[in-house]
Amino acid sequence: MIKYLNGLLGMTIDPDFPSNNFIYFFNTAETNGKYKQHISRFAISKNNVLNLKSEKVIIEIPIDLEVSAHTGGSLSWDKNKNLFISTGDNTTPFESEGYAPIDQRPGRLVFDAERSAGNTNDLRGKILRIHPEANGSYTVPDGNLFPKGMANTKPEIYVMGCRNPYRMSVDPKTGYVYWGEVGPDAGTDGVQGPRGYDEFNQAKKAGNYGWPFVVGNNIPYNEYDFATKKVGNDFDLNGPKNTSPYSTGLKILPPAQKPLIWYPYAMSDEFPLLGQGGRCAIIGPVYHFNPQLKSDTKLPAYYDKVLFVADWMRNWIFAVHLDENQNFKRMDPFMETNGDFRRPIDIKVGYEGAIYMLEYGTVYGIDNVDARLVRVDYNGGNRAPVAKIDTRDTIGMAPYKVAFNQKSFDFDEDKLTYEWRFEGKTVASRVLNPTYTFKHNGVYRVTLKVTDSQGKSSMDAMKIIVGNTLPQISISTADNSSFFTNNPQSLKYKVNVKDEQDKIIDRSRVKVILNYIAKVESGKTLIGHQEIAPTYSYGKEMMASSDCKACHQVNAISVGPAFMRISKRYAGKKDQVNRLADKIIKGGNGVWGEHAMSAHPQLSKQNAAEIVKYILSLSTPKNVVLLPQQGIVTLKDHISNKDEGRYVLSASYTDRGGRAAPALTSGASLVLRPAKVQAEDADLYNNVSIRDKEIGNIHNKSYFVLKNIDLKAINQLTYRYSSANMNGAAEVHVDSPTGNIISTLNFTPTGKRSDYAEVSTAISDPGSKHDLYFVFINKSKPRQSLLNVDWVNFGISQ
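Here's a quick rundown of the structure. Because the structure is a prediction, the values reported are computed rather than measured. (Residues numbered from 1 in each chain as written. Predicted model: local features only at pLDDT ≥ 70, side-chain atom pairs only at ≥ 80, totals over all residues. Heavy atoms only, no water.)

1. Notes on the overall build of the protein chain
Within the protein chain, the secondary structure is distributed over 5 helices and 52 strands. Along the first, second and third principal axes, the C-alpha atoms of the protein chain reach 90 × 75 × 60 Å. Evaluated residue by residue, the protein chain yields a buried proportion of 53% over its 798 residues. Across the protein chain, every contact between residues at least 6 apart in sequence was considered, and the portion connecting residues at least 24 apart equals 63%. Accessible area for the protein chain stands at about 37,500 Å²; split by element, carbon and sulfur atoms hold 49% of it. With 95 positive and 84 negative side-chain charges, the protein chain shows a spacing of 3 Å between the two charge centroids. (Helix = DSSP H or I, 4+ residues; strand = E, 2+ residues; numbered from the N terminus. Buried < 20%, exposed > 50% of the residue type's maximum accessible area, 1.4 Å probe, protein only. Contact = heavy atoms within 4.5 Å. Areas by Shrake-Rupley, 256 points an atom, 1.4 Å probe, with all protein chains shown as cover. Lys, Arg positive; Asp, Glu negative; His and termini not counted. Charge placed at Lys NZ, Arg CZ, Asp CG, Glu CD.)

2. A word on the packing of helix α4 (residues 576-586) against helix α5 (residues 605-617)
At a minimum axis separation of 8 Å, α4 and α5 run at an interaxial angle of 115 degrees. Seen from above, α4 lies across α5 with right-handed handedness. Of α5, the residues touching α4 (which contributes Gln576, Val577, Asn578, Leu580, Ala581, Asp582, Ile584 and Ile585) are Lys605, Ala608, Ala609, Ile611, Val612, Lys613 and Leu616. Looking at the contact of α4 with α5, its residues break down into 10 nonpolar, 2 polar and 3 charged. (Axes fitted to C-alpha atoms, helices over the stretch in contact; angles between N-to-C directions. Left-handed = near helix turned anticlockwise from the far one by under 90°. Nonpolar A, V, L, I, M, F, W, Y, C, P; charged D, E, K, R; others polar.)

3. Considerations on helix α3 (residues 563-570)
Since the α-helix packs 3.6 residues into each turn, any two residues three or four apart lie on the same face. Residues Phe563, Met564, Ile566, Ser567 and Tyr570 constitute the buried set of α3. In a view along the axis of α3, the buried residues occupy a sector of 160 degrees, so they form one face of it. Phi for glycine 572, located one or two positions after α3, is positive at around 85 degrees. (Arc of directions from axis to C-beta.)

4. A closer look at the pairing of strand β38 (residues 510-517)
Every other side chain in a regular strand lies on the same face of the sheet, so the side chains alternate between the two faces. Counting buried residues in β38 gives 6 out of 8 residues, a clear majority hidden from the surface. Here β38 pairs with strand β40 (residues 646-654) via 8 bridges, running antiparallel. Pairing of isoleucine 513 across the sheet is with serine 650, part of β40. (Pairing = 2+ DSSP bridges.)

5. A short note on the side chain of aspartate 655
Structurally, aspartate 655 is set in the loop between β40 and β41 (665-674). For aspartate 655, the side chain forms a polar contact with the side chain of asparagine 468, separated by 3.0 Å. Other than its neighbours up to four places away in sequence, aspartate 655 contacts Asn468, Thr469, Pro471, Asp499, Asp502, Arg509, Ala663 and Leu664. (Polar contact = N/O pair within 3.5 Å; in protein donor to acceptor, adjacent residues only side chain to side chain.)

6. Re the packing of α3 against α5
As a packed pair, α3 and α5 sit with axes 7 Å apart at the nearest point and diverge in direction by 90 degrees. The angle between α3 and α5 places the two elements in the roughly perpendicular class. On α5, the residues that touch Phe563, Ile566, Ser567 and Tyr570 of α3 are Ile615, Leu616 and Ser617. Along the lines of polarity and charge, the residues of the contact of α3 with α5 split into 5 nonpolar, 2 polar and no charged. (Parallel < 35°, antiparallel > 145°, perpendicular 65-115°, else oblique.)

Following this line, the structure appears as structure tokens:
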């Protein structure tokens, strides 16, 4: 069996460090072939040299080295110089399907967290509170969870029932303890109990926080026999019962306490601001504003008594505001618009009131080049202006006259001065919006320096290309250019290319390709005037917006296998797309090692399948089928996909370049969507509720929008709707909610909200493409909750 050395897990300095120079390490040590975890105290010289011979082992914590995770490792002090130590449950999580690891079978010691986190006589899965003494020993302060001398308990335990309290902090004013609890991996509720949650916990006093018997907002697991697979009763929140033969502690445990904040992989109903995706809760400090502190960088009074929390996977930091009793009040994002976080892993407040943050870097399990220690200063005084060049003229032929505009601004509204540099020299000083003529072909870098009245400045730059112009490219069709029907159909198209420098268009430089995207994520819009490259991959786009690259790289190994290795193993094998898509959604482990892959229940099966298809394509030859510049394509891939998805016909042209100017590429695309548009897949909404398979809570003047719609050959709309007892009208307006009306449906009650009707009405074509606003009207009271809409079908005349 492989054994893992956990190495150095945590460190802290003594509260009296200026006088005693003591530093403490949480580390794994070996003595006579046996391993334990130590909290060791060392002395460090005035010259910052560590004296290894000065080690005093303050306390020992047991460890089973067969387990490679869940060892906590955080150290923190309270105002009474008590040392808090967070320890993980030291339990293998990978064979309990992401639920509670309570496997009591013989030989399954390391698969049972009841022996550690749920054991009142074990120091693991806990937060310990001790008082180090000058001679290297420690005493136990009053007020811990169990009184000194109580049988089958450890007096050092302050908090029990922790899974992996990876980061912990103690409020220096109140002494309350906070920690981020990294939770289990189940993506959905199951027979063994609830799905996994990460938690931010607060202990105002000693207590049991429930693991492995509860998770999330005190949601109990079921008693479960791993041998027979028999499911028993829920664990009792008021006193979970520990029956494990591996536990040496009390059978009836203290009542389970609730967390401060909890959230699953999916969107949280209670804390929706936290988003969705992978989870790794990181606790930060509680900040206390000190008006007497002389510091130009301290956080302002707004953050007084705020708890900072972070998530390593989701890459955010939130400021949690607490009320006068230190209970949750609200939260708001910290540096949401200008934070450049690289996976925060630890956060502290410095003596000057600034935030110090340790960032792990982009990918888990490797030495990241972007790992760093950063300081976040509050700039409450003069702030530097922001320089911003703006011009529509960036590419043209010599002599090329460019009118430069700028949209620079200053947060403090200071008066600004401007310095423009063209062709390496300053030619326009203090001019707001200059005009400059480039007389010769070439590629030029234009810079703008903006300076405020107190001397602070910033710069912006822009590239100007002289000697070539962009090709002009478009896709035309005599057919409808917005929709496809539920039958196989032909699309006749023509790619039109013009280039001022290439008098004769080289057909070999025209790239045309048809992509079929099986499912487009709800809320993601693909519209016809976007430029989508011929190698466009929806799966790649989905992956870029997910947390996949936190644990995987394309070619290199990190904590997860490289995408290329996955592709080489599974590409071309039958049924792998469906199987791997399920694996992405549900999570799992054991194929590439024991590390678990996070579940992604927020992904639809179709979107997960698109990600798999992209991964599996990496090791296969890129036999992209290029289409002719003009031709007919058959649309039939949607037939086996319930008439969903999108067709994207993309075209690009790269010219030959010009004198001293590079080649330029332009692209165009034609996007076709199903003629039956699900209402929840609209492009924009106003004052409606978006549900899984419909939109509801539609009130007077509520609307949804479909963008860039061609109504060529369409003369009829069919609505599938339900309305309990309301009459009204569904109007289609062009380009705005008050634009010209091109269709009206007068709807009537269907009897019940669950009773749907399909009703048709005429629609006229305004010519060319337009945004269509579906506006719902009821001129008589009540004007609320008029109807639910399932879909709208555009009838294409044949």
